[in-house]
Amino acid sequence: MHTSLNWLKQYTDINLDPAKVGEVLTDIGLEVEGEEVVESVKGGLEGIVVGYVKECGKHPNADKLSLTKVDVGGEEDLSIVCGAPNVAQGQKVLVATIGTSLYTPEGEAWKIKKGKIRGEVSEGMICAEDELGLGSSHDGIIVLPEDVAVGTLAKDYYQIENDYVYEIGLTPNRSDATCHIGVAKDLAAALKVNYEHSGEVRIPSIDNFKIDNNNSSIEVSVENNEACPRYTGVVIKGVTIKESPDWLKQRLSAIGVRPISNIVDITNFILHELGQPLHAFDLDQIKGGKVVVKTLPEGSKFLSLDEVERNLSANDLMICDGESNGMCIGGVFGGINSGVSDNTKNIFLESAHFNPEWIRKSSTKHNLRTDAAKVFEKGSDPNICVYALKRAAMLIKELAGGEIASEIVDIYPNKIEPKHVSASYQNINRLIGVEIAPKKIKQILTDLEMKIVSETAEGLTLAVPTNKFDVLREADIIEEVLRIYGLNKVPTSSQIKSAISYAQKPNPSKVRNQISDYLANNGFHEMMAVSLSRSNYYKDILPIDEAQLVYVNNTSNRDLDIMRPEMLMSGLEAILHNQNRQNTDVNLFEFGKSYQKGEEKYKERWHLSLFSTGQRLSESWLNSDKNKVSYFTLKSYVSNILIRLGFSGYQETALSNDVLTYGMRFHRGQQVLVEFGKVQSKLLRKMDIKQEVFYANFEWDNLLKGLKKHKIQYQELNKYPTARRDLALVIEKDVKFSDIVAIAKKTEKKLLSNINLFDVYENEEQLGKGKKSYAVSFLFEDKTKTLKDKEIDKVMNKLIAEYENKLSATIRR
């Protein structure tokens, strides 16, 4: 939210410098995330002075130029060549002196320099209004009144005042601070408590509001009081649509709101002054002479102001005419045919209070994050509607003419009263951590417009204003006191207290950091996806029983309507995001949770997921063609993670399911450690991912459980040499390397230390149909002696016999 310092000064006296004001705003919970100087005139008229034209004659070398002598209050008069047709002797003019920066209409700066024009020296420039940013006319130079003193600075003559605009990171609970008067009230209260300020806030008067006649009353009907608890409006006839005055345009421009026309600008001004959104309808476009506040059937069409045809929900609150035509999505966005145009003469001005939940749902559904919707979502003040309406109507009469031609319509069936909240002095001081006198507490709360309903020696009961939508409990009252009293005034304890803590074993953070370091060192990037996902993923792409899905009422984004039941889709979204930005080589990992609904309770599990796609190494002439990520690339990372965590002796089971075309499960009995493999092509096509993706899902909770039993054991390095033997086995294609390993380990448990597959060969002509050849190495060692060939040959003969018997293998010799 942008807040103008000059605008704040309209309501309360502020003598602090802008930087200090920013500090105070942050201290009271209105965090200033940035501030900038806004110039009402580009350059602030720096270097522009009032001059007197003492001499004016024709330029000897140019018919349309004049030679002038101008007194600007310096030691010597300036010679200036001027091309304006209206320059004359005896005029008071505005002069840009040498070194002054002027600006083009596009905002580009250029400097005034001493030079020659058609052979004559020119020491400055006599300016027209468009050259200074004071207007758009270039018909001639600006001629000032005769009584203006020579040498007067132009910025003083025009009373140019720069503004300071604060960008406030307004939190969702601060419904009372969505406008300048709301900020001014908070600021004045803090200045009164801490800076001897009067605490006075000047609220614009509406005492002069009056109804001119009642010739154009309009019927209003509210059919949904839940969505619209209060609706007010008034008719104003005979307005003239034109440009707004400078003061109004400057106020809006300073906070980034583009001026449009006087009527529209007034509604925007009231929004940012009072925090009450208004809407002006063209009265002559309201068919049937009636306004109806209601919902329309699901799928109804509505052409909004941005010329987009929108499909309405049955929960979109609409402002309709007498023929049930939607004129506006209530509190969110107007329609294209009912708003104010250049031809508008009569208006119906709306000021309403809408239910925050209804507005939030409509604004997010239609992706219309308007200023009005943001205010209503936080909770507007229902009891300011009529005041805002009268304030706007008076401004419209002042700036657009016309007359108020109806009584104020005010439909408010169930008045929203201030909430009563009690707070004890003991709890206030206990939670804040400092003793604050009851008198000071009462002063702070009354300065925040909280009325004391009753009081005892122990505490007080307050009527909380209806603009403080979030102040509901004693803790909220205490927060209000602390904000204004000043968190920085709460002393820091000089005591240091410590307690013995016992680290969990294994320490989840340390284990996680260990694996994160390993993956980051091997080219992976950590991702952190939100725990919310789309239910349609698990209906259309990766079907999961709906009874297992955990639905949430996410009003900020209706598409993200479930807690993610698994980790795959989050990673695929990240890969798609990278793919669409020409980044096709992606290695990602994420520590996160999945959420599913069980028969009796919810299941919340930790996972480590890996995603790998594209090339293993960045593109280079050194890289071979076989540089693509593969199943075995991912398997090496998976295996190394388990080795680093000290896992061994787990079973390996081939895997193929709805997620993986092929892959592997590492497990200990029924306890799954990890599943990994190549993601199904049909899933990737549905996600519009155009290349292979390899995915691993570690059951992190199971790994941590396994680590609890893990003991580190040390063993001495073998001082005796190892021996290697190789076998070339011709086997059936369906035989897996894991089968060969299992047979070998069962046959020789003492001497065999390692088995490795170092070549695979397939050739039907040489090996036969359905056959393949595995080249396998066997490593032997004995920790007590050097092995002899006879011992090794004996083991190898056993292995050959087992392979021939159990796998029908043929030994290639």
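For every chain, the first residue of its written sequence is number 1, and the numbers climb from 1 along that sequence. In keeping with the predicted nature of the model, local features appear solely for residues at pLDDT of at least 70, side-chain atom pairs appear and are counted solely at 80 or more, and the whole-chain, interface and lining totals rest on all residues. Side-chain numbers here rest on the full set of heavy atoms in the structure, without hydrogens or water.

Caption draft 1: How the structure looks around the overall build of the protein. A helix here means a DSSP run of H or I that spans at least four residues, while a strand means a run of E at least two residues long, and both kinds are numbered starting from the N terminus. Within the protein, the regular secondary structure consists of 22 helices and 42 strands. Computed over C-alpha atoms, the radius of gyration of the protein comes to 39 Å, more than 25% over the 28 Å expected from 2.2 N^0.38 for 813 residues, which places it beyond the range of a compact globule. Principal-axis analysis of the C-alpha atoms gives the protein an extent of 120 × 85 × 70 Å. Any two residues whose heavy atoms approach within 4.5 Å at even a single point are treated as in contact. Here the analysis covers contacts within the protein between residues at least 6 apart in sequence; of these, 69% occur between residues at least 24 apart. To be clear on the numbers: accessible area is Shrake-Rupley with a 1.4 Å probe, and residue cover counts the displayed protein chains and nothing else. On the protein, roughly 42,700 Å² of surface is accessible, and the fraction owed to carbon and sulfur atoms is 46%. Think of it this way: Lys and Arg go in the positive column, Asp and Glu in the negative one, and His and the chain ends go nowhere. Just so you know, the charge point we use is NZ for Lys, CZ for Arg, CG for Asp and CD for Glu. The distance from the centre of the 102 positive side-chain charges to the centre of the 113 negative ones in the protein is 11 Å. C-alpha atoms define the radius of gyration in this analysis, and the globule rule sets the expected value at 2.2 Å times the number of residues to the power 0.38.

Caption draft 2: Representation of the packing of helix α5 (residues 180–195) against helix α13 (residues 474–485) in the model. Direction vectors running N to C along α5 and α13 enclose 65°, while the axes themselves pass 8 Å from each other. Residue-level contacts link Asp-186, Ala-189, Ala-190, Val-193 and Asn-194 of α5 to Arg-483, Ile-484 and Tyr-485 of α13. Each residue gets one label: Ala, Val, Leu, Ile, Met, Phe, Trp, Tyr, Cys and Pro are nonpolar, Asp, Glu, Lys and Arg are charged, and the others, such as Gly, are polar. Grouping the amino acids of the contact of α5 with α13 by side-chain chemistry returns 5 nonpolar, 1 polar and 2 charged. Convention adopted: a line fitted to C-alpha atoms gives each axis, helices being fitted over their contacting stretch, and angles between N-to-C directions are expressed from 0 to 180 degrees.

Caption draft 3: Up close: the pairing of strand β28 (residues 459–464). Most of β28 sits out of view: 6 of its 6 residues are buried. Note on pairing: two strands pair once DSSP finds at least 2 bridges between them. Where strand β26 (residues 419–424) lies against β28, 6 bridges are found, and the strand directions are antiparallel. If you follow Ser-422 over to β28, its bridge partner there is Thr-461. Across 4 bridges, the pairing between strand β27 (residues 451–455) and β28 is antiparallel. Bridged to Ile-452 within β28 is Leu-462. Here β27 folds back onto β28 in antiparallel fashion, the turn holding 3 residues. The buried label applies to any residue whose accessible area, calculated with a 1.4 Å probe on protein chains only, is under 20% of its type's maximum; exposed applies above 50%, and partly exposed to all values in between.

Caption draft 4: Representation of the sheet that holds strand β2 (residues 32–38) in the model. Taken together, 3 strands build an open sheet; the order of strands is β1-β13-β2 and the sheet is antiparallel. The open sheet has two edge strands, β1 (2–4) and β2, and neither has a second partner. On average, each strand axis in the sheet is tilted by 25° relative to the strand beside it, whichever way the strands run. Here 3 bridges tie β1 to strand β13 (residues 163–168), and the two strands are oriented antiparallel to one another. What sits directly across from His-2, in β13, is Glu-167. Those strands touched by helix α2 (residues 18–27) are β2 and β13, and its axis lies near 25° from that of β13.

Caption draft 5: How the structure looks around empty space enclosed by the protein. The way it works is a 1 Å grid over only the protein atoms, where trapped points that fit a 1.4 Å probe form a cavity and open points with protein on both sides within 12 Å along at least five of seven lines form a pocket, and then any residue with an atom within 4 Å of a point lines it. Grid points are joined across faces, edges and corners, and a volume is the space filled by probe spheres set on the points. Counted by the stated rule, this structure contains 1 cavity of 30 Å³ or more. Empty space within the largest cavity amounts to approximately 40 Å³. Ser-313, Asn-315, Asp-316, Lys-361, Ser-362, Lys-365 and Arg-558 together form the lining of the largest cavity. In terms of residue class, the lining of the largest cavity is made up of no nonpolar, 3 polar and 4 charged.

Caption draft 6: Quick peek at the layout of surface pockets. Approximately 1,300 Å³ is the volume attributed to the largest pocket. Lining the largest pocket are 30 residues, and of these Lys-635, Glu-652, Phe-737, Ser-738 and Val-741 sit closest to its centre. Of the residues in the lining of the largest pocket, the class split is 14 nonpolar, 10 polar and 6 charged. Roughly 880 Å³ of volume is contained in the second largest pocket. Residue lining of the second largest pocket: 33 residues in total, with Val-264, Thr-267, Asn-268, His-279 and Leu-305 positioned closest to the centre. Sort the elements by how many residues they give to the lining of the second largest pocket and helix α7 (residues 262–274) lands first, with 4 residues. Here the residues of the lining of the second largest pocket are counted per class, giving 19 nonpolar, 10 polar and 4 charged.

Caption draft 7: Main features of the pattern of salt bridges. The salt bridge definition used is simple: a Lys or Arg side-chain nitrogen within 4 Å of an Asp or Glu carboxyl oxygen. Counted according to the given criterion, the structure contains 40 salt bridges. Put simply, Arg-665 and Glu-675 hold a salt bridge, and the shortest N to O gap is 2.7 Å. Residue Arg-665 is found in strand β36 (residues 660–668), and its partner Glu-675 is found in strand β37 (residues 671–679); the two are separated by 10 residues along the sequence. Given the relative accessible area of 25%, Arg-665 is considered partly exposed. Using a relative accessible area of 22% as the deciding quantity, one classes Glu-675 as partly exposed. Several salt bridges converge on common partners, so that one network encompasses Arg-174, Asp-176, Asp-186, Lys-468, Glu-480 and Arg-483.

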